[in-house]
Amino acid sequence: MKVVSFINYKGGVGKSTTAYHIGCALALDQGMNILLVDVDPQTNLTFLCATPERWEDFKKKNGTLESLYRAYLDNKPFDIKNIVWQEPIEKAGMKVVKGLNLIPSDVELLGIDLDLQTKTSPSNDLSSVADHYVKQRTILRDKLNFIRDEYDYILIDCPPNLYLVTQNALAASDCYVVTALPDHLSTIGLSILEKRVRKLNKDLKNAAEIASRDVSTPELGGIIFVRVRLGGTAIINVHDRKMREVSGIYTNKTFDNYTTEGIGYSEAAENALPVFLLGGSNPKRVAYQYREIANEFIRRIPS
Ligand SMILES: Nc1ncnc2c1ncn2[C@@H]1O[C@H](COP(=O)(O)OP(=O)(O)OP(=O)(O)O)[C@@H](O)[C@H]1O
Ligand SMILES: [Mg+2]
């Protein structure tokens, strides 16, 4: 069983699309049990899985990830099973992705991140401060521990930042996958991101040692390129060159498979279905790419 976070502090680089389609491919093709966790207040992963109307219904009855953090802030007990949405992906009222569950997000999570940041340690002595530092970052991990054995993979879709909710995702993860466009600014961002995660890992480990607590920190699991354009023009040469450059630096970490700029994703989002379950030649082409990525994913990060 593995917990994997999809991160990049850069926005619009395919984190949600990739987490969603890898999760769906593994459930559909491999019969795996998958839990998707949407920790982004933008709720994109949530709405890739279900319509806003069905989400409203679920939220009213069960709550969302926001409820989990609210309970922590209010010192209340919380059963994570309440917010696990069983097989939320539906077509004409039928459940169509068996084995795939979702912890949905909520725009209110934006407020939670701020509330977490302003919550301070109850005392100023070093070990209390360290203990508080660890607690604030292991809220999600401690709850996921109750259900992790039910799954082959838990895939966490992070917002484009590294604030506390994302740090909670990282502290719950065995590894993290970075999705990126193969352009100049995105590739500069990769090394900054890797250094930043290394620093977060180090700070968490130091605090855990002082507070005599157990933590594990995630390793880089891979880099997946998305929206690649290959062919004959200047921009395309840049994409090709940047992918080679990154593969040279992150040897063994850069996925061989990538997605090209494709048509079908917006239709998939509108229907709250993965591209695998749409008809037509365009969705079929992009479906093939994510199937290959999903196969490489389980080879590189075995469950
Ligand atoms: N291969 C592709 N071809 C065309 N469009 C794509 C492709 N991959 C993703 N997209 C589109 O790009 C947009 C951004 O993708 P996505 O939402 O997955 O990025 P993100 O990194 O999760 O963004 P954010 O940081 O805002 O959460 C979406 O509209 C998505 O449908
Ligand atoms: Mg996203």
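Residues numbered from 1 in each chain as written. Chains lettered and ligands numbered in written order. Predicted model: local features only at pLDDT ≥ 70, side-chain atom pairs only at ≥ 80, totals over all residues. Heavy atoms only, no water.

### Remarks on the overall build of the protein chain
Each helix and strand counted, the protein chain has twelve helices and eight strands in total. A globule of 303 residues ought to have a C-alpha radius of gyration of about 19 Å, and the protein chain, at 19 Å, matches this closely. Projected onto its principal axes, the C-alpha coordinates of the protein chain cover approximately 60 × 45 × 30 Å. Out of the 303 residues in the protein chain, the part that is buried amounts to 52%. For the protein chain, long-range pairs separated by at least 24 residues make up 77% of all intrachain contacts whose partners lie at least 6 apart in sequence. Here the protein chain displays about 13700 Å² of accessible surface, and carbon together with sulfur accounts for 51% of that area. Computed over 37 positive and 37 negative side-chain charges, the separation of the two mean positions in the protein chain equals 3 Å. (Helix = DSSP H or I, 4+ residues; strand = E, 2+ residues; numbered from the N terminus. Rg over C-alpha atoms; globule rule 2.2 N^0.38 Å. Buried < 20%, exposed > 50% of the residue type's maximum accessible area, 1.4 Å probe, protein only. Contact = heavy atoms within 4.5 Å. Areas by Shrake-Rupley, 256 points an atom, 1.4 Å probe, with all protein chains shown as cover. Lys, Arg positive; Asp, Glu negative; His and termini not counted. Charge placed at Lys NZ, Arg CZ, Asp CG, Glu CD.)

### Digging into the site of ligand 1
The full set close to ligand 1 counts 17 residues, and V13, K15, T17, R227 and G262 are the nearest of them. Within the backbone of G262, a nitrogen or oxygen atom sits 2.9 Å from a nitrogen atom of ligand 1. The protein chains hide 81% of the 630 Å² of surface that ligand 1 would expose on its own. Judged by its atoms lying within 2 Å of the grid points, ligand 1 is housed in the largest pocket. Taken together, the residues that form the shell around ligand 1 break down as three nonpolar, nine polar and five charged. (Near = heavy atom within 4 Å. Polar contact = N/O pair within 3.5 Å; in protein donor to acceptor, adjacent residues only side chain to side chain. 1 Å grid on protein atoms, 1.4 Å probe; cavity = no way out; pocket = protein on both sides within 12 Å on 5 of 7 lines; lining within 4 Å. Sits in = over half its atoms within 2 Å of the grid points. Nonpolar A, V, L, I, M, F, W, Y, C, P; charged D, E, K, R; others polar.)

### Concerning helix 12 (residues 281–300)
Here helix 12 is 20 residues long and its end C-alpha atoms lie 29 Å apart, about the 28 Å a rise of 1.5 Å per residue gives. Residues P283, V286, A287, Q289, Y290, I293, A294, E296, F297 and I298 constitute the buried set of helix 12. Of the surrounding elements, those touching the buried residues of helix 12 are strand 1 (2–7), helix 1 (15–30), strand 6 (153–157), strand 7 (175–180), strand 8 (219–225) and helix 11 (265–271). (Expected span 1.5 Å × (residues − 1).)

### Examining empty space enclosed by the protein
Enumeration over the complete set of coordinates arrives at two cavities of 30 Å³ or more. The calculated volume of the largest cavity comes to roughly 80 Å³. Listing elements by their share of the lining of the largest cavity, those giving two or more residues are helix 6 (126–137), helix 8 (164–171) and helix 9 (184–210). Volume-wise, the second largest cavity comes out at about 40 Å³. Around the second largest cavity sit Y176, V178, L190, L193, E194, L220, I223 and Y250, which together line it. Ranked by the residues each element gives to the lining of the second largest cavity, the list is headed by helix 9, at three residues. Residues of the lining of the second largest cavity, tallied by class, amount to seven nonpolar, no polar and one charged. (Points joined across faces, edges and corners; volume = space filled by probe spheres on them.)

### Things to note about the sheet that holds strand 1
Spatial strand order, 5-2-6-1-7-8: six strands in an open sheet with parallel pairing. Among the strands making up the open sheet, the edge pair consists of strand 5 (100–103) and strand 8. Going from strand to strand, the sheet's axes swing by 20° on average, the running direction of each strand aside. Relative to strand 7, strand 1 runs parallel, the two sharing four bridges. Residue pairing in the sheet places I7 in a bridge with V178 of strand 7. Across the face of the sheet, helix 1 comes into contact with strand 1, strand 2 (34–38), strand 5, strand 6, strand 7 and strand 8 while running at roughly 160° to strand 6. Against the sheet, helix 9 contacts strand 1, strand 7 and strand 8, and its axis sits at roughly 160° relative to strand 7. (Pairing = 2+ DSSP bridges. Axes fitted to C-alpha atoms, helices over the stretch in contact; angles between N-to-C directions.)

### Re unusual backbone geometry
Phi at E87 is positive, roughly 45°, even though this residue is not glycine. Relative to the assigned elements, E87 resides in the loop between helix 4 (65–73) and strand 3 (90–91). Positive phi values are uncommon outside glycine, yet R227 reaches one of about 55°. Residue position: R227 is located in the loop between strand 8 and helix 10 (234–249). Accessibility expressed as a relative area gives 41% for R227, which makes it partly exposed.

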